[in-house]
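# Results of the structural survey
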Amino acid sequence: MSTARAADPKPLRVLLITGGCCHDYTAQKDILKKGLEARANVQITQVHSDDRSTKARFDMYEKADWASSYDLVIHDECSADVKEMPYVQNILGAHAGGIPAMNLHCAMHCYRTGTDDWFKFIGIQSASHGPQEPIAITFLEPGHPTTRGFTNWTTVPEELYNNIKVFPTAQPLARGKQTYKKIDGTEESKEYIVAWTSDYGNTRVFSTTIGHNNVTVADPRYLQLLTRGLLWACAKLDAEGNPLPGYGAPPAKPPPRQRPTASGSRQDTRHFPRPKK
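Presented here is a report on the structure given in the accompanying data block. (Residues numbered from 1 in each chain as written. Predicted model: local features only at pLDDT ≥ 70, side-chain atom pairs only at ≥ 80, totals over all residues. Heavy atoms only, no water.)

Let us look at the pairing of strand β2 (residues 42-48). When strand β1 (residues 12-20) meets β2, the two strands line up parallel, connected through 7 bridges. If you follow Leu12 over to β2, its bridge partner there is Val42. Remark: the β1/helix α2 (residues 25-37)/β2 crossover connection has right-handed handedness. (Pairing = 2+ DSSP bridges. Helix = DSSP H or I, 4+ residues; strand = E, 2+ residues; numbered from the N terminus. Right-handed = clockwise from strand over helix to strand, strands pointing away.)

For the structure shown, the criterion picks out 12 salt bridges. With a shortest N-O distance of 3.0 Å, Glu84 and Arg57 are connected by a salt bridge. Within this pair, whereas Glu84 is found in the loop between β3 (72-78) and α3 (85-96), its partner Arg57 is found in the loop between β2 and β3, the two being separated by 27 residues in sequence. Owing to a relative accessible area of 41%, Glu84 belongs among the partly exposed residues under this scheme. (Salt bridge = Lys/Arg side-chain N within 4 Å of Asp/Glu carboxyl O. Buried < 20%, exposed > 50% of the residue type's maximum accessible area, 1.4 Å probe, protein only.)

Further remarks concern the nonpolar core. General note: in soluble globular proteins, nonpolar side chains tend to be found buried as a group. Among the nonpolar cores identified, the biggest contains 36 residues, and Ile17, Tyr61, Trp66, Tyr87, Tyr111, Trp118 and Phe121 are the most heavily contacted of them. Put simply, the parts of the chain that give this core at least two residues each are β1, β3, α3, α4 (117-122) and β10 (187-200). Apart from residues no more than four positions distant in its own chain, Ile17 is found in contact with Val47, Phe58, Met60, Tyr61, Trp66, Val73, Ile74, His75, Asp76 and Glu77. Counting 35 residues, the second-largest nonpolar core is a separate cluster that includes Ile44, Leu72, Ile74 and Ala195. (Core = buried A, V, L, I, M, F, W, Y, C linked by side-chain atoms within 4.5 Å. Contact = heavy atoms within 4.5 Å.)

In this structure the tally under the stated criterion is 2 disulfides. Here Cys21 pairs with Cys22 through a disulfide, and the sulfurs are 1.8 Å apart. Each sulfur of the disulfide joining Cys78 and Cys106 lies 2.0 Å from the other. Here the residue Cys78 occupies a position in strand β3, and Cys106 occupies one in the loop between β4 (101-104) and α4, the gap between them amounting to 28 residues. What connects to what in the protein, once the bonded cysteines are numbered by sequence position, is 1-2, 3-4. No disulfide involves Cys110; its nearest neighbouring cysteine sulfur is the one of Cys106, lying 5.4 Å away. Under the relative-accessibility criterion, Cys110 is labelled buried at 0%. (Disulfide = S-S within 2.5 Å.)

Here's what the structure looks like:
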């Protein structure tokens, strides 16, 4: 190992939480883990629930110190009908206490307690989405390190989440526009913020409502956006959008070496017919 690599910091400890209603979290949890670990010096621990209802719960949230071992938490759950305030306050308390967060897609529709506590943490309140149609994404802040150098792109059919309220702590980074035909045959277009940063007290939070379908979650452009958002939330991104030293993509693993034969040459695994006697 080189001296430079030996001096690299330890991987960021990231907790990825998946489960709940309406999405293929079983596949997406692994797409996210593989994609993020290939792009940044992070080690992702998965906590997954097979509960596909709107009431999926996670035992760790029952404890106030549930996130104390992690540098960032990715909320990718979909639990709209979990409303007990002590449970939700445990989640929020960890982030109010300084644990950065990244919120994906249906995390924006979680924990509808009748208060705006969860939405203040998210930075934008959303309550519904339109049909699955392509979303044209336009980046709004070319100078922000999270989206610096990104090119506008259009997704496969996705859900465009609405924006009911944008809190003062939120900084929009991208908008999504979706055009579709209504039942009466007329065309309608809607446009909403789809990626943003926010501050929850002194804690950094990055969120995006994009990410319903597996094709989108596996898209390199989406994974790069998440990588930037994660590193920004952890203060490991410079002003140009580059990871700080030691936090970029891990070095590629070399191909496996061939075993030498007894004579010292590389083993030839081809099969040749035996000579006739």
